[in-house]
Amino acid sequence: MHGEHVETLIIGGGQAGIAASAHLTRRGRPHLVIERARLAEHWRTRRWDSLVANGPAWHDRFPDQTFAVTGPDGFAPKEEVADYLERYAACFGGPVRTGVEITQVARGADGRFVAQTDAGETLTASNVIVATGAFHNPVIPPLIPAEAGMTQIHSADYRNPGQLPAGGVLVIGAGSSGVQIADELNRAGRRTWLAVGPHSRPPRRYRGRDFVWWLGVLGKWDQKPVETGGPHVTIAVSGAHGGHTVDFRALGHAGITLVGRATGFAEGRLTFADDLPATIAAGDADYLATLREADAYALRAGLDLPPEPEAHRIGPDPDCIADPATTLDLAAAGITSVVWATGYAFDFGWIDCAVFNPDGSPRHTCGISPVPGLYFLGLPGLSRRASAFIWGVWHDAAYLADHIAAPVAA
Ligand SMILES: Cc1cc2nc3c(=O)[nH]c(=O)nc-3n(C[C@H](O)[C@H](O)[C@H](O)COP(=O)(O)OP(=O)(O)OC[C@H]3O[C@@H](n4cnc5c(N)ncnc54)[C@H](O)[C@@H]3O)c2cc1C
């Protein structure tokens, strides 16, 4: 494709790239999706084996295609999500090239973008939509040195309990990934520890409705980044085992030893923040506040939903919360592996345009960068809270396609 020009180059063939292609196709605008592996690759190979979607199938999808196997209230396994996205892309037949990586993007003197591929080819484009996801480089804090002799992996590389050496496992980070991985390890009979930091843990279902429905009627999916700003608080939700509320007390009673945030390591001992009870209480307060907001909405709207008073009851503390450990001798405890569910950092180093903040995040307004023609899609909070999710990216992609088809002020 040496010297080839496209009006809009979409880099990345995940749900964001596919949504962008669908909307440009609908508007009759020429474009090309370049994907370095396969469509929806990250759903296939960058997730653990048992992962199911965190949202029910009626919600975590594009508006005009349902899942083939999973019913509306079910949680689609990751392979089905990938199949779904591939099938969606095949339906509208947008132009896609897979197995090609864009290694560099720069802006030429004529204002066009010049993209290099890993095959040494050059492509020019009037617009570029960067749809390479939000989960680039797995972050492992430099806390436990390699000499400690532990197997240490990031959640991006976790697949199943059998992959880890025999012995106990410490999972660090209790967002949706860490909680689900710890639960899976514990159910598989592994002695499991889970380091918990500040979190939000919305009810899975309340008064017969899934929390994604409640977030919708309460207007929370539409919250702008500025409204959700402040320190990052991870969200612990799960669609596993038919979907259930993440209840840290229940995990403790089921045998997982909860500890606070990991803060230091010396002579084989890991230290933890001593705020575990306060962290758990803050998560409970957030959970109960969501229930109260839902009740107030149901009353206002005159909804006849079955009351659920038992959902307001917080169970007793397991010992690990009542009397939390603040240090742990990993070897003495029999811990042989650490799974870091500690998030990801951006890597946009291959884009040679001055649109990045010191932390590597791109500057943009709802995906429109300050460089004319350069767009970002699929980032958390791109335009609102829903932006990183399948149906949220659909709406952001429509906005960008409108901007490309008939430019409007950002
Ligand atoms: C564990 C986990 C569970 C999640 N569960 C849900 C869920 O249940 N529901 C939901 O809506 N969201 C979920 N998400 C969030 C989000 O929907 C997914 O991360 C989703 O994969 C993001 O889609 P994307 O298209 O933005 O990026 P990705 O799926 O990451 O796609 C980016 C694509 O770009 C390609 N690429 C990258 N760089 C280049 C390059 N230089 N050249 C060419 N191609 C390139 C990659 O190969 C990849 O295929 C989850 C995320 C994680 C980490």
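Predicted, not measured: the structure shown is a model, and the values here were computed from it.

Things to note about the side chain of S21
So, point 1. When you line up the elements, S21 lands in helix α1 (residues 15–26).
So, point 2. Judged by its relative accessible area of 1%, S21 falls in the buried class.
So, point 3. Discounting chain neighbours no more than four positions away, the residues touching S21 are I10, H31, V33, F92 and G94.

What to know about the domain arrangement of the chain
So, point 1. Domain boundaries in the chain define domain 1 (4–136 + 346–405) and domain 2 (141–340).
So, point 2. Each of domain 1 and domain 2 has a C-alpha centre, and the two are 29 Å apart.
So, point 3. The interface is formed by 23 residues belonging to domain 1 together with 28 residues belonging to domain 2.
So, point 4. The tally of links from domain 1 across to domain 2 stands at 1 salt bridge.
So, point 5. Linking D222 and R384 is a salt bridge whose minimum nitrogen-to-oxygen distance equals 2.3 Å.
So, point 6. On the surface where domain 1 and domain 2 come into contact, there are 11 residue pairs in polar contact (both at pLDDT 80 or more).
So, point 7. Within the side of domain 1 that touches domain 2, the residues separate by chemical class into 11 nonpolar, 7 polar and 5 charged.

Considering the packing of aromatic side chains
So, point 1. Within the structure shown, the criterion is met by 16 aromatic pairs.
So, point 2. Look at F356 and F376: their rings are 6.0 Å apart centre to centre, the planes differ by 85°, and that puts the pair in the edge-to-face class. Here F356, found in the loop between β21 (351–352) and β22 (374–376), pairs with F376, found in strand β22; they are 20 residues apart in sequence, far enough to count as distant.
So, point 3. In this structure F376 comes out as buried when scored by relative accessible area, which is 0%.
So, point 4. Through a chain of ring-to-ring contacts, three or more aromatic side chains come together here, namely F62, F67, Y84, Y88, F92 and W394.
So, point 5. Over the ring of W43 we find R47; its NZ or CZ atom is 5.3 Å from the centre of that ring.

Re the sheet that holds strand β16 (residues 262–266)
So, point 1. With respect to topology, 3 strands assemble into an open sheet ordered β16-β17-β18, the strand pairing being antiparallel. Edge positions in the sheet fall to β16 and β18 (327–329), since each has one partner strand and no second. Between one strand axis and the next, the sheet turns through 20° on average, direction left out of account.
So, point 2. Judged from the 3 bridges that link them, strand β17 (residues 269–272) and β18 form a sheet pairing that is antiparallel. Of the residues in β18, the one forming a bridge with L270 is L328.

What counts, and where the lines are drawn
- Residues numbered from 1 in each chain as written.
- Predicted model: local features only at pLDDT ≥ 70, side-chain atom pairs only at ≥ 80, totals over all residues.
- Heavy atoms only, no water.
- Helix = DSSP H or I, 4+ residues; strand = E, 2+ residues; numbered from the N terminus.
- Buried < 20%, exposed > 50% of the residue type's maximum accessible area, 1.4 Å probe, protein only.
- Contact = heavy atoms within 4.5 Å.
- Domains from an automatic or database assignment.
- Salt bridge = Lys/Arg side-chain N within 4 Å of Asp/Glu carboxyl O.
- Polar contact = N/O pair within 3.5 Å; in protein donor to acceptor, adjacent residues only side chain to side chain.
- Nonpolar A, V, L, I, M, F, W, Y, C, P; charged D, E, K, R; others polar.
- Phe/Tyr/Trp six-rings, centres within 6.5 Å; stacked < 30°, edge-to-face > 60°.
- Lys NZ or Arg CZ within 6 Å of the ring centre and 35° of its normal.
- Pairing = 2+ DSSP bridges.
- Axes fitted to C-alpha atoms, helices over the stretch in contact; angles between N-to-C directions.

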